[in-house]
Amino acid sequence: VKQMSASVKLIFIEVKVLDPQLLRNNIAIKRAALGLGSSCEDDFRTVEARNKDFSKSFVTLQDDGSEDDMSYVLFINYGQKVVANRMHGFLRMRIAQFLSTIHTETHTLYLTRHGQSEYNRLRKIGGNSGLTSYGLEYARRLAAFSEGTICREDGTNANKARLWTSSMRRTNETAQFIEHPEVTLPDGDKWVQMSHRVYRNLDEIFAGEYEGLTYEEVAANHQDEAFLRKVDKIGYRYPRGESYYDIISRLDPLIHELESYHEPTLIVSHQAVLRMLYAYLMGIDRMDAPRLSIPLHTVIKLTYNGWTQCVEQQVYLGPDVPKDEQST
């Protein structure tokens with residue numbers, strides 16, 4: 001270990017599931033995710049026996065002080081208890097922080113752009129314009145979809161659900177018709193459905209000096225900048241503005257928050273931001289993310305867990321926007 005640590009920063013990561021009910025839940029979730037049907041007590045006994053057999057050849061991290069010279073982090077019951085040792089430095093602590101948020105239960109995220117805005121209609125960059133009549137109609141349809149689908153994923157009983165938007169006018173107008181009733185859960189607790197949380201981290205990429213211009217105007221009057229953006233879209237930073245790398249940086253804390261959630265979450269944001277978020281969830285190289293298409297007036301449902309690849313479903317809600325008013 002000492003020889004390896006001289007050339008690389010070595011971290012030992014161990015996960016212990018000591019709660020029998022949590023282990024049963026994991027087995028049930030895995031079988032459902034892999035299409036193996038429901039689980040039974042025999043499945044639990046099989047896994048328990050396999051773990052006992054595995055423990056004969058696996059040595060856990062020691063707590064007697066004999067391994068205090070190593071860097072390690074121990075997660076008990078997926079973050080219920082976290083033990084960190086010699087985890088010095090920014091990157092090591094960020095790794096520990098991220099891993100403490102994850103769990104194996106199914107995540108369901110709903111991603112959508114705001115409804116068509118006035119700047120979309122005029123093909124202008126950035127700004128903080130409101131919605132067009134088409135955008136307002138999408139907002140009404142999104143509210144109906146939220147109440148009937150996101151808040152009732154099984155089609156009948158209400159389940160917990162969350163709502164995130166950026167701080168910009170067009171996303172807040174898109175979410176304005178979504179209701180926030182207080183519901184009583186099966187265990188008797190109260191929950192405010194789709195409680196609206198606003199994050200500046202979800203704001204659209206800031207185009208700096210080019211806010212309010214069209215891409216055609218930028219190409220005609222700032223040819224060098226247009227060329228730089230074309231050859232390096234992810235790294236290009238607008239004059240006095242942002243790049244996609246800046247979006248990645250401000251999305252980082254929100255990703256940690258999202259990974260810890262168990263409830264379905266609707267995120268109303270902007271094309272550039274959703275490109276990076278979608279790429280992260282789908283395992284797409286970030287270099288390809290700036291050219292992804294996030295369609296207008298469409299909800300992208302992403303479902304993932306600790307056992308299978310993320311599953312995507314796109315739901316087009318409309319209304320149709322005339323071709324001459326569609327933005328890129």
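Here we summarise the structure given alongside this text. Remember, predicted model here, so these are calculated numbers, not experimental data.

Pairing in this open sheet of 3 strands is mixed, and the strands run 1-2-3 from one edge to the other. Since the sheet does not close on itself, it has two edges, and those belong to strand 1 (12-16) and strand 3 (81-85), each with one partner. The average undirected angle you get between the axes of adjacent strands in this sheet is 10 degrees. By the bridge criterion, 5 bridges tie strand 1 to strand 2 (residues 72-76) in an arrangement that is parallel. Note that in strand 2 the partner of phenylalanine 12 across the bridge is tyrosine 72.

The strand order across the open sheet built from 6 strands is 8-5-9-4-10-11, with neighbouring strands paired in mixed fashion. One side of each edge strand has no neighbouring strand; the edge strands of this open sheet are strand 8 (195-198) and strand 11 (311-316). Averaged over all pairs of adjacent strands, the angle between their axes in this sheet comes to 20 degrees, without regard to strand direction. Pairing analysis gives 4 bridges linking strand 5 (residues 162-165) to strand 8, with the strands arranged parallel. By the bridge assignment, leucine 163 is partnered in strand 8 with histidine 196. Along the sheet, helix 6 (residues 133-150) makes contact with strand 4 (107-113), strand 9 (265-269), strand 10 (298-304) and strand 11, crossing strand 4 at roughly 170 degrees.

Glancing now at the pairing of strand 3. Where strand 2 and strand 3 come together, 5 bridges link them in antiparallel fashion. Looking across to strand 3, one finds that valine 73 is bridged to alanine 84. Hairpin remark: strand 2 followed by strand 3, antiparallel, with 4 residues in the connecting loop; positive phi at asparagine 77, about 55 degrees.

Rules used throughout
Residues numbered from 1 in each chain as written. Predicted model: local features only at pLDDT ≥ 70, side-chain atom pairs only at ≥ 80, totals over all residues. Heavy atoms only, no water. Pairing = 2+ DSSP bridges. Helix = DSSP H or I, 4+ residues; strand = E, 2+ residues; numbered from the N terminus. Axes fitted to C-alpha atoms, helices over the stretch in contact; angles between N-to-C directions. Contact = heavy atoms within 4.5 Å.

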